[in-house]
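A structural walkthrough
One-letter residues, chain by chain:
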Amino acid sequence: MANGQWYPPEWPDRIRALASGELIPATPRRAATVMLLRDGEQAGVLNGAPEVHMLRRRASMAFAGGAYAYPGGGVDPRDDDHLVRWAGPTRASWADRLGVDGEAEAQAIVCAAVRETYEEAGVLLAGPTPETVVGDTTGADWEADREALVARDLSFAQFLDRRGLHLRSDLLAAWARWITPEFEPKRYDTFFFVAALPEGQRTRNASTEADRTVWIRPADAAARYDAGELLMMPPTIATLRALSGHASPRAALDAAPSQDLTPVLAQARMADGELVLSWPGHDEFTKHIASGSTP
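Report on the accompanying structure. Residue indices begin from 1 for each chain and proceed along its sequence in written order. Only residues with pLDDT of at least 70 are given local features in this predicted model, and only at 80 or more are side-chain atom pairs given and counted; all residues enter the totals for whole chains, interfaces and linings. Side-chain numbers here rest on the full set of heavy atoms in the structure, without hydrogens or water.

**Focus on the sheet that holds strand 12 (residues 267-271)**
Pairing between strands is defined by DSSP: at least two bridges between the two strands are required. Counting from the N terminus, the helices are the DSSP runs of H or I reaching at least four residues and the strands are the DSSP runs of E reaching at least two. Strand order in this open sheet of 3 strands is 12-13-14, and the pairing throughout is antiparallel. Edge positions in the open sheet fall to strand 12 and strand 14 (282-290), since each of these has one partner strand only. The average undirected angle you get between the axes of adjacent strands in this sheet is 20°. Summarising the sheet, strand 12 and strand 13 (residues 274-279) pair through 5 bridges and their orientation is antiparallel. In this analysis, axes come from line fits to C-alpha atoms, helices being fitted only over the stretch in contact, and the angle between any two N-to-C directions falls in the range 0 to 180 degrees.

Spelled out as structure tokens, the structure:
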């Protein structure tokens, strides 16, 4: 493998089935994922290039097992029917930035980003006032709530209400939007966000879907992908490359409003007896698959 591209062996058959009409595309489910950043260390001082928090999906996972990714997951529809305490840009401005129909949907997507960061990394972008962020979230009562969120016994809106917390939407910025290819059985319309690790909070591997977590400079992660050492899906490595040029978490957040949120959706076509799989605007992922072969 020349690099760490993740291409499942069943894709060619699924692409052919889609082209012949035998496969009906699944409707994508809204999802959110967060690129959590912190200042990197240089000579023991937190002033180096920023690092991003990544987790490695367990090899036993049916989807992208062994691949490195960011904390993320699907939108909970329960989070769009109850107005939560909100800090930062208005829900209407978020709806405009995300390109979704209404404020309720925008709230649910942002809630998913904050909830998944808490569920999978133990970091909570919320506080008792619009200007504060909670400190230690490692106590038994916090863990009980986190597990209830994971089990979907508790919605994130209910969690925020119970604890009297404001969701700090100002600590997030939208970065990219990718949609799972039409030939995948499970599809997601995923919004990628960037956020800075709040002062006083620490990450931990709280996800049952990951077997390890790392803090790594985006450029280093990309180099290890290029060397075939780290396995990643196209959206992950594409967003890492986009982050690599920023000198600090603050610089990345400041650059986020200029990022293009046009959805990226893979295209598959037949050309000269080959299957050609491509992601518009991302030529490095183009794959030519000879008839009857696998990626």
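**Focus: the pattern of salt bridges**
Here the idea is simple: oppositely charged side chains can pair when their charged atoms come close. What makes a salt bridge here is a side-chain nitrogen of Lys or Arg within 4 Å of a carboxyl oxygen of Asp or Glu, nothing more. Using the criterion set out here, one finds 23 salt bridges in the structure. Salt-bridge contacts for Asp-161 lead to Arg-85; the nearest nitrogen and oxygen are separated by 3.4 Å. A residue pair is termed long-range when its members are at least 10 positions apart, and Asp-161 in helix 5 (residues 156-163) and Arg-85 in the loop between strand 4 (72-74) and strand 5 (86-87) qualify at 76 residues. Overall, the relative accessible area of 31% leaves Asp-161 in the partly exposed class. When a residue's accessible area, from a 1.4 Å probe over protein chains only, is under 20% of the maximum for its type it is buried; when over 50% it is exposed; and in between it is partly exposed. When its relative accessible area of 36% is taken as the criterion, Arg-85 is described as partly exposed. With a shortest N-O distance of 2.9 Å, Arg-163 and Asp-145 are connected by a salt bridge. Placement of Arg-163 in helix 5 and of Asp-145 in helix 4 (residues 140-150) is noted, with a sequence separation of 18 residues between them. Note on Asp-145: relative accessible area 8%, which makes it buried.

**Considering the sheet that holds strand 5**
Pairing within the open sheet is mixed, and its 3 strands lie in the order 5-7-6. In the strand order of this sheet, the two ends are held by strand 5 and strand 6 (126-127), each with one partner. Bridge analysis of strand 6 against strand 7 (residues 166-168) gives 2 bridges, and the strand direction is antiparallel. Along strand 7, the bridge assignment pairs Gly-127 with His-166.

**Focus on the environment of Ala-126**
When you line up the elements, Ala-126 lands in strand 6. Linking Ala-126 and Leu-167, residues 41 residues apart in sequence, is a C-alpha distance of 4.6 Å. Ignoring anything within four residues of it in the chain, the contact list for Ala-126 reads Thr-132, Val-133, Val-134, Leu-160, Leu-165, His-166, Leu-167 and Arg-168. Throughout, a contact is declared for two residues whenever any of their heavy atoms are within 4.5 Å.

**Details of helix 2 (residues 91-98)**
Among the residues making up helix 2, those that are buried are Arg-91, Trp-94, Ala-95 and Leu-98. Mapping the buried residues of helix 2 onto a view down its axis gives an arc of 100°, with all of them on the same face. Tucked inside the fold, the buried residues of helix 2 contact strand 5, helix 3 (103-121), strand 8 (172-179) and strand 9 (188-196). With its phi angle positive at about 75°, Gly-99 sits one or two positions after the end of helix 2. Arc, as used here, means the arc of the directions from the helix axis to the C-beta atoms.

**As for the packing of helix 2 against helix 3**
At a closest axis distance of 8 Å, the pairing of helix 2 and helix 3 adopts a crossing angle of 80°. When the axes of helix 2 and helix 3 are compared, the pair comes out roughly perpendicular. Contact with helix 2, carried on its side by Arg-91, Ala-92, Trp-94, Ala-95 and Leu-98, involves Glu-103, Ala-106, Gln-107, Ile-109 and Val-110 of helix 3 and no other residues of that element. Under the scheme applied here, ten amino acids are nonpolar (Ala, Val, Leu, Ile, Met, Phe, Trp, Tyr, Cys and Pro), four are charged (Asp, Glu, Lys and Arg), and all others, including Gly, are polar. Among the residues forming the contact of helix 2 with helix 3, the class breakdown is 7 nonpolar, 1 polar and 2 charged. Geometric relationships in this document are graded by angle, where less than 35 degrees denotes roughly parallel, more than 145 denotes roughly antiparallel, 65 to 115 denotes roughly perpendicular, and other angles denote oblique.

**What about the nonpolar core?**
Met-54, Val-194, Met-232 and Trp-279 are the most contacted members of the largest nonpolar core, which has 43 residues in total. Those residues within four positions of Met-54 in sequence are excluded, and the remaining contacts are Tyr-68, Ala-69, Tyr-70, Arg-212, Thr-213, Val-214, Ile-216, Ala-221, Met-232, Thr-236 and Leu-240. Membership of the second largest hydrophobic core comes to 42 residues, among which are Val-75, Ala-95, Val-123 and Leu-149. For this analysis, a nonpolar core means a set of buried residues of the types Ala, Val, Leu, Ile, Met, Phe, Trp, Tyr and Cys, connected via side-chain atoms within 4.5 Å.

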